[in-house]
Structure formats: C-alpha cells, structure tokens
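Residues per chain are reported as follows:
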Amino acid sequence: MRSVLVAAVALIDADGRVLIAQRPEGKPMAGLWEFPGGKVEAGETPEDALIRELDEELGIHVKAACLAPLNFVSHRYDDFHLLMLLHVCRRWDGSVTGREGQALKWVKPLKLREFPMPAADLPLIPDLIELF
Ligand SMILES: Nc1nc2c([nH]c(=O)n2[C@@H]2O[C@H](COP(=O)(O)OP(=O)(O)OP(=O)(O)O)[C@@H](O)[C@H]2O)c(=O)[nH]1
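The model shown is predicted, which means the values in this text are computed figures rather than measured ones.

(A) Representation of the nonpolar core within the structure. Ranked by size, the top nonpolar core spans 24 residues in total, and within it Ile-20, Phe-35, Leu-82, Met-84, Leu-112, Met-117 and Leu-124 carry the most contacts. Of all the secondary structure elements, the ones that give two or more residues to this core are strand S1 (3-11), strand S2 (18-22), strand S6 (81-89) and helix H2 (125-129). Not counting the four nearest positions on each side in its chain, Leu-112 is found in contact with Ile-20, Val-107, Met-117, Ile-125 and Leu-128.

The following block contains the structure:
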C-alpha cells in the first residue's frame, strides 16, 4: 500500500485557539476540517515541507525552531497509508490568510469535535486539549 508522509501543524493563537482549514471542493475528503500542512516532497525535511506549505496556504512565515513536535498518527485509509507528523506552533510572522480560497476557523481544542475532521485526525484532539 502506498505510504504518504504529511507534516501538519496546530497553530495556536493568543487565546489558546487552534487553526483548522476546510478542504476545498474537488479534493479528496472535501469539506472536512484539517490542520494546515501537506505532503513532504522528495529532498525535504518535514519542517521544510511545513514551512513551505504555511507560506503557500496561509501566507505566514514560520521558523523551524518554532515548530515543536506534538505527536504522530499512522492511519490506514482505504487507498493509502498516512503517516502524519503533527507539530505545534505559537509564533509566526505575517497574518493568517486563506490563500487557496479555503475557509479557516480558530477553534478551542475542546470544540474541535464539533467540526468533521479526517479519521486520522481524531486521535490527535486529546493531545491538543492536554496542552492547556
Ligand atoms: N494537511 C493535512 N492533511 C491531512 C490531515 N488529515 C489527513 O488525513 N490528511 C491527509 O493527508 C494528505 C495531505 O496531503 P495534501 O494536502 O498535500 O494533498 P491533497 O490531498 O490536498 O492533494 P494534492 O496532491 O493536490 O496536494 C491528504 O491525503 C489529506 O487528506 C490534516 O489534518 N492536515
């Protein structure tokens, strides 16, 4: 089975809310809310990939030193295996903007369950709740 390595991040604002983004129409799992990030490409470290994706998707600049590992998930979807590394980040430069037309929401970790998320993400919610 194909394995995909994804780097993702929980951006946390001054009010302790986490940023989630809605997957646009036309993509697999459209409409679900996910953590910003994406596939790690050949030659990239997970941190490189995340820094690139955050610039492309949200227009913000993040330093590798501001990305702290939180947990990972190993999840078998029907058609691929996902290994997703979730980081936490509280510091960035620039203001968060949905540069790809995606809806964005800042949500308290205790409310994350109100938003439909990909199956792989659900085990990560308790880790975010425990941060506070
Ligand atoms: N960024 C992100 N991806 C996630 C999360 N949960 C989860 O299952 N994924 C899956 O991990 C993969 C991330 O890849 P991606 O965002 O770079 O790719 P994509 O499906 O948008 O397609 P693309 O190849 O057109 O970029 C997708 O299969 C996505 O569904 C999450 O919380 N954040």
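(B) Broad picture of the sheet that holds strand S7 (residues 104-107). Taken together, the 3 strands give an open sheet; going across it, the order is S3-S2-S7, and neighbouring strands pair in antiparallel fashion. Looking at which strands have only one partner, the edges of the open sheet turn out to be strand S3 (33-34) and S7.

(C) Structural detail: helix H1 (residues 46-58). Counted at 1.5 Å a residue, the expected span for H1 with its 13 residues is 18 Å, and the 17 Å between its end C-alpha atoms agrees. Every buried residue belonging to H1 is among Pro-46, Ala-49, Leu-50, Arg-52, Glu-53, Leu-54, Glu-57 and Leu-58, and all of these are buried. On its buried face, H1 is in contact with S1, S2, strand S4 (37-39), S6 and S7. Gly-59 occupies a position one or two residues after H1 and carries a positive phi of about 70°.

(D) Inspection of the sheet that holds S1 at higher detail. Judged by pairing direction, the sheet is mixed, and its 4 strands sit side by side in the order S4-S1-S6-S5 without closing on themselves. Two strands in the sheet have a free side with no partner beyond their single neighbour: S4 and strand S5 (68-76). Each neighbouring strand pair of the sheet contributes to a mean axis angle of 15°, computed without reference to strand direction. Where S1 lies against S6, 9 bridges are found, and the strand directions are parallel. Of the residues in S6, the one forming a bridge with Val-6 is Met-84.

(E) Examining the layout of surface pockets more closely. Roughly 700 Å³ of internal volume is contained in the largest pocket. Forming the boundary of the largest pocket are 30 residues, of which Arg-23, Glu-34, Gly-37, Gly-38 and Lys-39 lie nearest the centre. If you list the elements that add at least two residues to the lining of the largest pocket, you get S1, S2, S4, H1 and S6. Grouping the amino acids of the lining of the largest pocket by side-chain chemistry returns 14 nonpolar, 4 polar and 12 charged.

Cut-off values and rules
- Residues numbered from 1 in each chain as written.
- Predicted model: local features only at pLDDT ≥ 70, side-chain atom pairs only at ≥ 80, totals over all residues.
- Heavy atoms only, no water.
- Core = buried A, V, L, I, M, F, W, Y, C linked by side-chain atoms within 4.5 Å.
- Buried < 20%, exposed > 50% of the residue type's maximum accessible area, 1.4 Å probe, protein only.
- Helix = DSSP H or I, 4+ residues; strand = E, 2+ residues; numbered from the N terminus.
- Contact = heavy atoms within 4.5 Å.
- Pairing = 2+ DSSP bridges.
- Expected span 1.5 Å × (residues − 1).
- Axes fitted to C-alpha atoms, helices over the stretch in contact; angles between N-to-C directions.
- 1 Å grid on protein atoms, 1.4 Å probe; cavity = no way out; pocket = protein on both sides within 12 Å on 5 of 7 lines; lining within 4 Å.
- Points joined across faces, edges and corners; volume = space filled by probe spheres on them.
- Nonpolar A, V, L, I, M, F, W, Y, C, P; charged D, E, K, R; others polar.

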